[in-house]
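# Breakdown of the fold
What follows is each chain in one-letter form.
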Amino acid sequence: MKALSVQHVSHAFGDHRVLHDVNLDVAAGQVVALVGPSGCGKSTLLRAILGTHPPNQGTILADGQPVRGPTRNVGIVYQHYSLYDFLTAQKNVAFGPMLDETSILYRTFCLLKWRAKRRRHLEEAVCLLEKVGLGEAIDQYPSQMSGGMRQRVAIAQALIMKPKVLLLDEPFGALDEATREELQRMLLDLYQENVQAKREGRQPPHTIVLVTHELNEAIYVADRVIGLSQFHSGGEQGATIVYDKAAPVFDTSQPKDLAALVQQREELRRIVFDPDRLQDRDEYVTFWKDEAGKMSEEGNHQ
Ligand SMILES: Nc1ncnc2c1ncn2[C@@H]1O[C@H](COP(=O)(O)OP(=O)(O)OP(=O)(O)O)[C@@H](O)[C@H]1O
Ligand SMILES: [Mg+2]
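A brief report on the enclosed structure follows. All chains use their own residue numbering, which begins from 1 and follows the written sequence. By the order in which they are written, chains take letters starting at A while ligands take numbers starting at 1. Local features in this predicted model are restricted to residues whose pLDDT is 70 or higher, and side-chain atom pairs enter the listing and the counts only when it is 80 or higher, whereas totals over whole chains, interfaces and linings include all residues. Excluding hydrogens and water, the side-chain values take into account all heavy atoms of the structure.

Looking now at the packing of helix α5 (residues 147-159) against helix α6 (residues 177-199). For the pair α5 and α6, the least separation of the axes is 10 Å and the interaxial angle reads 25°. Classified by the angle between their axes, α5 and α6 sit roughly parallel to one another. In terms of crossing hand, the pair formed by α5 and α6 is right-handed. Within the contact between the two elements, α5 uses G148, Q151, R152, I155 and L159 and α6 uses T179, E182, L183, M186 and L190. Under this scheme, a helix contributes an axis fitted over its contacting stretch, all axes are lines through C-alpha atoms, and angles between N-to-C directions fall in the 0 to 180 degree range. Strands here are runs of E lasting at least two residues and helices are runs of H or I lasting at least four, both read from the DSSP assignment and numbered beginning at the N terminus. Any angle that is under 35 degrees is reported as roughly parallel, and any over 145 degrees as roughly antiparallel; angles of 65 to 115 degrees are reported as roughly perpendicular and all others as oblique. For a crossing to be left-handed, the near helix must be turned anticlockwise from the far one by less than a right angle; the clockwise case is right-handed. By the convention used here, residues are in contact when the closest approach between their heavy atoms is within 4.5 Å.

Here the focus is the pattern of salt bridges. Only one rule defines a salt bridge in this text: a Lys or Arg side-chain nitrogen within 4 Å of an Asp or Glu carboxyl oxygen. Applying the stated criterion across every chain, the model contains 11 salt bridges. R281 serves as the salt-bridge partner of D21, at 3.3 Å between the closest nitrogen and oxygen. One end of the pair, D21, is in strand β2 (residues 16-27); the other, R281, is in the loop between α8 (258-272) and β11 (284-285), and 260 residues separate them in sequence. Throughout, exposure labels follow a simple rule: accessible area from a 1.4 Å probe, protein chains only, divided by the maximum for the residue type, with under 20% read as buried, over 50% as exposed, and the rest as partly exposed. Given a relative accessible area of 23%, R281 falls into the partly exposed group.

This next bit is on the layout of surface pockets. With a 1 Å grid spanning the protein atoms alone, the term cavity applies to any set of points in which a 1.4 Å probe fits but cannot get out, the term pocket to an open set with protein on both sides within 12 Å along at least five of seven lines, and the term lining residue to any residue with an atom within 4 Å of a point. Grid points are joined across faces, edges and corners, and a volume is the space filled by probe spheres set on the points. Estimates place the volume of the largest pocket at around 520 Å³. Counting residues per element, the ones that place at least two in the lining of the largest pocket are β6 (74-77), α2 (89-101) and α5. The dominant element in the lining of the largest pocket, judged by the number of residues it contributes, is α2, at five residues. Of the residues belonging to the lining of the largest pocket, the class tally is 12 nonpolar, six polar and two charged. For this scheme, ten residues count as nonpolar: Ala, Val, Leu, Ile, Met, Phe, Trp, Tyr, Cys and Pro. Four count as charged, namely Asp, Glu, Lys and Arg, and the remainder, Gly too, count as polar.

This paragraph deals with the packing of aromatic side chains. Side-chain rings of Phe, Tyr and Trp, where Trp is taken by its six-membered ring, are said to pair if the distance between their centres is within 6.5 Å; with planes under 30 degrees apart they count as stacked, over 60 as edge-to-face, and otherwise as tilted. With the rule as written, the count across this model stands at five aromatic pairs. A centroid spacing of 5.1 Å and a plane angle of 85° characterise the contact between F287 and W288, whose relative ring orientation is edge-to-face. Both a distance and an angle decide whether a charge sits over a ring: NZ of Lys or CZ of Arg must be within 6 Å of the ring centre and within 35 degrees of the ring normal. Over the ring of F287 we find R224, and its NZ or CZ is 4.3 Å from the ring centre.

Attention shifts here to the sheet that holds strand β5 (residues 65-66). A pair of strands counts as paired when DSSP detects no fewer than two bridges linking them. Taken in spatial order, the four strands line up as β2-β1-β4-β5 in an open sheet, and their pairing is antiparallel. Both edges of this open sheet fall to β2 and β5, since each of them pairs with a single strand only. Bridge analysis of strand β1 (residues 2-13) against β2 gives eight bridges, and the strand direction is antiparallel. Opposite V6, over in β2, you have L24 as the bridge partner.

What follows is the structure, given as structure tokens:
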């Protein structure tokens, strides 16, 4: 099942062509890192997927439904925290579903039901805060938390809405390196929930598109890396996907396999970021081809 399908998306701001014929399918449970030169249109693409800024051309489907505006199917976390200063961590996380599901009228006329719902959302908020490593901080206010803690709350805030696709736009860009690594490991733990769900025949719960400037982070956290770039033949029409490959999946209990990381990082630098090398659009867009090859190989072994 495709969680996300971006079909022939192009976008320009006036005469400035930014995105050109972007095509991207993401299966449920994938964690996709999106990298590309600064200003190539990564945030523009995320805003189109989110539905707040529809593209000039093309179609976007989230969970099979056309995206025509913001919906619960797609959530986003930005670099700068979107927390309410006057609410504790727990209430910050529970706030979204409360707002979404209950109105003032509901609260006035169905007080008992409203209280039951509120209790359920607050309990769920605690579970999610434990999942992101903040079980001890549920009663703290944003002003009492570090940047890393606030960003964990922001991620829990997005997860409680159960989006079919979660977009992360430079989510750890403002954090120091050690905190950033902790949050990367938290994303890998979410990925392990997907692996577990697939093993048990359940729908994997987390489909993530992560925009990052950090190539190491992209390769470490994601199981698939996509490069958006204007450095391709036809680049004057805007940026498109010139790189789409699987990335190694890391186990947080093991040391990082640095050799695999370095090799892919160098390839990305060459294919996506080098203005002197105009890329053939399809040469390094091999994700589905490789996956099909891998599957048939596995089939042959059986
Ligand atoms: N609202 C807007 N009006 C006009 N031009 C815009 C607007 N938003 C973005 N742009 C332009 O579109 C291009 C792509 O911007 P975008 O923010 O999507 O890039 P990006 O890849 O996210 O960059 P960065 O890596 O620096 O975050 C840039 O040249 C930017 O100046
Ligand atoms: Mg951006």
